[in-house]
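# Coordinate inspection notes
Residue-level listing of the chains:
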Amino acid sequence: MKIGIVCYPTFGGSGVVATELGIALAKEGHKVHFITYSQPTRLDFFNENLFYHEVDMMSYPLFQHAPYETALASKMVDVVKYEKLDILHVHYAIPHASAAFIAKQILKQQNISIPVITTLHGTDITLVGRDPSFESVVAFSINQSDGITAVSEDLKKDTYAHFDIGKEIKVIPNFIDLERFRKLKKEHFKTAICPNGEKLIVHTSNFRPVKRIEDVVNIFKNLRENMPVKLLLVGDGPERPKIENLCRECSDCDDIRFLGKLEAVEEVLSVADLFIMPSEKESFGLAALEAMACEVPVISTNAGGLPELNIHGFSGYLSDVGDVESMTKYALEILDDKNLPTFKKNALSRAKEFELSKILPLYENYYGEVLENNATILAV
Ligand code: GMT
């Protein structure tokens with residue numbers, strides 16, 4: 001198949017999923033064309049089946065906000081037409097689904113039929129998409145997609161609850177490449193960070209308010225009263241200055257380190273003992289899956305799709321949003337030396353259920369289904 005993938009090429013979870021999916025499809029022999037405003041972060045190598053098309057934006061003094069959606073739709077038309085794509089798969093509804101709708105209509109006028117699949121990732125539905133400034137266009141363009149997928153049952157439920165969607169949404173969970181995300185032999189890192197055998201807590205995110213990073217710091221402070229621990233915070237974003245201030249107020253602020261946007265996050269996860277994800281909302285929680293694949297148990301909230309990933313009492317524990325006391329209690333239980341090895345083993349065994357090789361065929365089959373439906377509609 002010739003597949004066009006549209007996504008945000010930055011550090012966000014949706015861009016990571018889209019890029020990893022494209023790479024995996026290319027390895028299976030499909031021709032994959034990425035259409036984005038810059039080279040996706042993880043697409044930094046050569047593969048004969050991978051292509052990249054940059055969306056160029058003309059700047060003009062009249063534009064207070066550059067019309068990205070228009071430029072993207074024009075680029076989609078160009079790539080579909082000249083690369084003879086079979087299908088367009090857009091990740092994150094805003095503005096990718098509506099740009100795909102415009103492109104589809106333009107191509108239709110030129111007798112080219114291109115089915116569009118929209119994958120909903122989370123904040124495009126639960127946060128941004130529900131804003132009145134986007135809502136009607138989001139609902140319309142999702143309904144106009146030929147196929148719709150969501151990364152969890154909870155996101156599917158939320159989408160039906162908040163938008164008037166008249167089509168079936170297929171749940172295809174996120175996946176993990178266990179060749180990349182596995183426990184690596186990085187014991188020298190552990191010795192450098194935790195020279196006295198402290199337990200290592202890790203959190204990775206884009207530092208947005210929805211991640212509730214202050215809860216991570218407060219859990220850490222509670223843990224410190226009971227056992228020697230260190231905390232690594234990976235990622236960057238708008239909450240970082242606030243969290244840095246909070247950490248500076250902490251008496252043991254040297255035990256908390258900010259690592260920024262680290263690309264090789266699996267190296268840090270390989271030496272971690274516990275991952276904390278206290279998010280207010282999380283459609284799936286890809287960062288937690290990456291941790292579990294590296295044998296790190298997870299303390300998370302029970303918000304959104306997290307209970308579909310993290311199994312309470314097995315791969316970690318789930319608590320209510322903001323319940324720092326409960327998360328501390330569970331963290332102490334996991335970090336107890338008599339429990340930790342079992343939780344680590346369980347975390348990996350849960351991650352294996354989301355292995356790339358299990359999820360990739362779900363996308364390939366869904367592409368086939370959508371293409372077949374499209375062919376039937378055209379034949380009528
Ligand atoms: O978490 C973010 O703010 C980034 C966002 C994105 O779209 O890039 O992540 C969402 O998509 C990820 C990949 O499907 C999911 O694993 C995250 O749970 C989801 N984030 C939220 O729902 C807050």
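The structure we're discussing is the one just above.
Each chain carries its own residue numbering, running from 1 in the direction its sequence is written. Local features in this predicted model are restricted to residues whose pLDDT is 70 or higher, and side-chain atom pairs enter the listing and the counts only when it is 80 or higher, whereas totals over whole chains, interfaces and linings include all residues. Excluded from the side-chain calculations are hydrogens and water; all other atoms, namely the structure's heavy atoms, are used.

### Description of the site of the ligand
If a single non-hydrogen atom of a residue is within 4 Å of a molecule or strand, that residue counts as near it. Taken together, 18 residues form the shell around the ligand, and within it Gly13, Ser14, His121, Lys211 and Glu282 come nearest. At a separation of 2.9 Å, an oxygen atom of the ligand approaches a polar side-chain atom of Asn174. Pairs of N or O atoms are called polar contacts if they sit within 3.5 Å, as long as, within protein, a hydrogen donor faces a hydrogen acceptor (for residues adjacent in sequence, only side-chain-to-side-chain pairs). Glu282 places a side-chain nitrogen or oxygen 2.8 Å from an oxygen atom of the ligand. Only the protein chains shown count as cover for residues, and the accessible areas themselves come from Shrake-Rupley with a 1.4 Å probe. Across the complex, the protein chains shield 93% of the 490 Å² of accessible surface that the ligand would expose by itself. Only DSSP runs of H or I reaching four residues or more are called helices, and only runs of E reaching two or more are called strands; each is numbered from the N terminus. The element best represented in the shell around the ligand is helix 1 (residues 13-27), accounting for 3 residues. Note on residue categories: nonpolar means Ala, Val, Leu, Ile, Met, Phe, Trp, Tyr, Cys or Pro, charged means Asp, Glu, Lys or Arg, and polar means any other residue, Gly included. Each residue belonging to the shell around the ligand can be placed in one class, and the counts come to 5 nonpolar, 10 polar and 3 charged. All the domain ranges listed were derived from an automatic or database domain assignment. The residues that make up the shell around the ligand include at least three from each of domain 1 (2-175 + 356-379) and domain 2 (187-352).

### Observations concerning the sheet that holds strand 1 (residues 2-6)
Paired strands are those between which DSSP finds at least two bridges. The 7 strands lie next to each other as 3-2-1-4-5-6-7, forming an open sheet whose pairing is parallel. Whereas interior strands pair on both sides, the edge strands pair on one side only; in this sheet they are strand 3 (50-54) and strand 7 (170-171). Here 4 bridges tie strand 4 (residues 87-91) to strand 5 (residues 116-120), and the two strands are oriented parallel to one another. Residue pairing in the sheet places Leu88 in a bridge with Val116 of strand 5. With respect to the sheet, helix 2 (residues 68-83) is in contact with strand 1, strand 2 (31-36), strand 3 and strand 4, its orientation differing from that of strand 2 by roughly 160°. We call two residues contacting when some pair of their heavy atoms lies within 4.5 Å. Under this scheme, a helix contributes an axis fitted over its contacting stretch, all axes are lines through C-alpha atoms, and angles between N-to-C directions fall in the 0 to 180 degree range.

### Some thoughts on the packing of aromatic side chains
For Phe, Tyr and Trp, where Trp contributes only its six-membered ring, two rings pair if their centres lie within 6.5 Å, and the inter-plane angle classes them as stacked under 30 degrees, edge-to-face over 60, or tilted in between. Applying the stated criterion to the full structure yields 10 aromatic pairs. Judged by centre distance (6.4 Å) and plane angle (65°), the rings of Tyr8 and Tyr37 are edge-to-face. In this pair, Tyr8 is assigned in the loop between strand 1 and helix 1 and Tyr37 in the loop between strand 2 and strand 3, connecting sequence segments 29 residues apart. Burial here depends on accessible area, computed with a 1.4 Å probe over protein chains only, as a share of the maximum for the residue type. Under 20% is buried, over 50% is exposed, and the range in between is partly exposed. Exposure remark for Tyr8: the relative accessible area of 24% places this residue in the partly exposed category.

### Section: the packing of helix 8 (residues 213-224) against helix 12 (residues 324-335)
Working note: a packed helix pair is described by the angle between its axes plus the distance between those axes. Close contact between helix 8 and helix 12 brings their axes to 9 Å; oriented N to C, the two are set at 55°. The orientation of helix 8 relative to helix 12 falls into the category oblique. Handedness of the helix 8/helix 12 crossing: right-handed. Here helix 8 contributes Asp215, Asn218, Ile219, Asn222 and Leu223 to the contact with helix 12, which in turn contributes Val324, Glu325, Met327, Thr328, Ala331, Leu332 and Leu335. Among the residues making up the contact of helix 8 with helix 12, the classes are represented as 7 nonpolar, 3 polar and 2 charged. In this scheme, roughly parallel covers angles under 35 degrees and roughly antiparallel covers those over 145, while 65 to 115 is roughly perpendicular and the rest are oblique. It is the rotation of the near helix from the far one that decides the hand of a crossing: anticlockwise by less than a right angle makes it left-handed, clockwise makes it right-handed.

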